[in-house]
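These are the residues of each chain, in order.
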Amino acid sequence: MTVFVLGGTGALGRLLVPLLREAGHQVTATTRSPARVETIAGLGAEPAVVDGLDPGALADVVRGTRPDVVVCQVTSLSGDFSRLDELAAGNARVRLAATVNATSAAEAAGARRVVAQGVAFSYAPGVGPAAEDEPFREDDSARAALAADEAVLGSELEGVVARYGYLYGPGTWYSRGGAAAEALHAGTLRAPARGEESLVHVEDAARATVGLVEEGRPGAYNVVDDEPAPRREWLSALAAAVGAPPPPESDPPAPPRRGASNRKLAAEIGWRPRFASWRDGFREGLS
């Protein structure tokens, strides 16, 4: 197949592109910076310089590649990590705009399928890990995430949303040299003890995305490991793995976070994570 990847130089994109090439697909991947063209070429893809927030320019570039599948992996995660809620809200807005633009460009180019990045940490409180058909919270970030999902799932294409848990591993915030490790060493990262969240190693997320490019019915899929946990618990384990003190406790968010279930993804495409738990991933897969 011919696959167009919007956002080819992020932590997940850098892993996704080579996996798609290894699977035999022809890949075009984008960057906003001409300085990163060689990076994309080194991953085995045809580079394209375009801003995913420019709908006209994006539509022209996508149309020129005549893709079977368009994959949107745009994020905006640079900034002050101590202001995590603000970063997350800004990222949600950027992801919404890029997802809408990518979906429209895919439709205009005659693509068959669009696979977009979503999040598995916006579900409303409930009992047990959330399935994909359960409601989202009522806050700005969650509403933006839901709007992005609806743009994909309501399109005329085979719309697929990969709802990732918190990504950890090389190139992410949650790695040995990442922003979270720096904040833990500095003692500026606090964490609530209540509520649960789901994580997934970035390599496992990339493999799942290849699977969703190639198969699976349209719909949303939680891409998470098998063990949701309170943030304070998993951040304390991360701190131990990077040699930092555990984070001080903070007040729980309102409403508290909820983990997600990966049963649908496992049943639909047979995906299983290499790191079934973040506990193993933090010990073996951070570098």
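Residues numbered from 1 in each chain as written. Predicted model: local features only at pLDDT ≥ 70, side-chain atom pairs only at ≥ 80, totals over all residues. Heavy atoms only, no water.

(A) Quick look at the overall build of the protein. A count of helical and extended segments in the protein gives ten helices and nine strands. Taken against the 2.2 N^0.38 rule, which gives 19 Å for 287 residues, the C-alpha radius of gyration of the protein at 18 Å falls within 12% of a compact globule. For the C-alpha atoms alone, the extent of the protein along its principal axes is close to 50 × 40 × 35 Å. Per-residue burial for the protein yields a buried fraction of 52% across its 287 residues. Of the roughly 12000 Å² of accessible surface on the protein, 49% is carried by carbon and sulfur atoms. Once the 29 positive and 37 negative side-chain charges of the protein are each reduced to a mean point, those two points are 2 Å apart. (Helix = DSSP H or I, 4+ residues; strand = E, 2+ residues; numbered from the N terminus. Rg over C-alpha atoms; globule rule 2.2 N^0.38 Å. Buried < 20%, exposed > 50% of the residue type's maximum accessible area, 1.4 Å probe, protein only. Areas by Shrake-Rupley, 256 points an atom, 1.4 Å probe, with all protein chains shown as cover. Lys, Arg positive; Asp, Glu negative; His and termini not counted. Charge placed at Lys NZ, Arg CZ, Asp CG, Glu CD.)

(B) Local environment of helix α4 (residues 84-109). When the terminal C-alpha atoms of α4 are compared, their 36 Å separation across 26 residues agrees well with the 38 Å that a helix rising 1.5 Å per residue should span. At the C-terminal side of α4, glycine 110 shows a positive phi close to 80°. (Expected span 1.5 Å × (residues − 1).)

(C) Up close: the side chain of histidine 201. Inspection of the secondary structure puts histidine 201 in strand β8 (residues 199-201). We classify histidine 201 as buried; its relative accessible area is 1%. For histidine 201, the contacting residues outside a window of four places in its chain are Tyr168, Gly169, Pro170, Phe275 and Gly285. (Contact = heavy atoms within 4.5 Å.)

(D) Region of interest: the sheet that holds strand β9 (residues 219-223). Taking strand neighbours across the sheet as the criterion, the seven strands line up as β3-β2-β1-β4-β5-β6-β9 in an open arrangement whose pairing is parallel. Since the sheet does not close on itself, it has two edges, and those belong to β3 (46-49) and β9, each with one partner. Taken over all neighbouring pairs, the strand axes of this sheet differ in orientation by 20° on average, direction set aside. Here strand β4 (residues 69-72) runs beside strand β5 (residues 113-119); their pairing, made up of four bridges, is parallel. Bridge pairing in β5 places valine 71 opposite valine 115. (Pairing = 2+ DSSP bridges. Axes fitted to C-alpha atoms, helices over the stretch in contact; angles between N-to-C directions.)

(E) Just the side chain of glutamate 132, in detail. Looking at the element boundaries, glutamate 132 is found in the loop between β5 and α5 (140-153). No salt bridge forms around the buried glutamate 132; measuring N to O, its nearest opposite-charge neighbour lysine 264 is 5.2 Å away. Apart from the residues within four sequence positions on either side, glutamate 132 is in contact with Tyr123, Arg163, Ala220, Tyr221, Asn222, Ser261 and Lys264. (Salt bridge = Lys/Arg side-chain N within 4 Å of Asp/Glu carboxyl O.)

(F) Here's a closer look at α5. Helix length check: α5, at 14 residues, gives a terminal C-alpha distance of 20 Å against a target of 20 Å (1.5 Å per residue), a fit within 8%. Residues of α5 that are buried: Ala142, Ala144, Ala145, Ala148, Asp149 and Val152. Summarising the axial view, the buried residues of α5 lie within an arc of 165°, below the 170-degree limit, and thus occupy one face. Where α5 is buried, its residues touch α4, β5 and β6 (158-164). (Arc of directions from axis to C-beta.)

(G) The packing of aromatic side chains, seen in detail. What the rule picks out here adds up to eight aromatic pairs. Judged by centre distance (5.9 Å) and plane angle (35°), the ring pair of tyrosine 166 and tryptophan 234 falls under tilted. With a gap of 68 residues between them, tyrosine 166 in strand β7 (residues 166-168) and tryptophan 234 in helix α8 (residues 231-242) connect regions that are remote in the sequence. Pair check on accessibility: tyrosine 166 and tryptophan 234 agree, each one buried. Sitting above the plane of the tyrosine 221 ring, lysine 264 keeps its charged end 4.6 Å from the centroid. (Phe/Tyr/Trp six-rings, centres within 6.5 Å; stacked < 30°, edge-to-face > 60°. Lys NZ or Arg CZ within 6 Å of the ring centre and 35° of its normal.)

(H) Layout of the pattern of salt bridges. Enumeration over the complete set of coordinates arrives at 16 salt bridges. For aspartate 139, the salt bridge is made with arginine 137, and the minimal N-O distance between the two is 2.7 Å. With its nearest N and O atoms 2.9 Å apart, the salt bridge here joins aspartate 204 to arginine 207. Of this pair, aspartate 204 and arginine 207 both sit in helix α7 (residues 202-214), three residues apart, which is roughly one turn of that helix. Classification of aspartate 204 by relative accessible area gives buried; the value is 2%. One salt-bridge network, in which partners are shared between bridges, spans Arg112, Arg113 and Glu158.

(I) Quick peek at the pairing of β6. Taking burial as the measure, the seven residues of β6 include six buried ones, the bulk of the element. In terms of strand pairing, β5 meets β6 through seven bridges, oriented parallel. Bridged to glutamine 117 within β6 is alanine 162. For the crossover that starts at β5, traverses α5 and ends in the parallel β6, the hand is right-handed. Bridge analysis of β6 against β9 gives five bridges, and the strand direction is parallel. Within β9, the residue paired with valine 161 across the bridge is alanine 220. (Right-handed = clockwise from strand over helix to strand, strands pointing away.)

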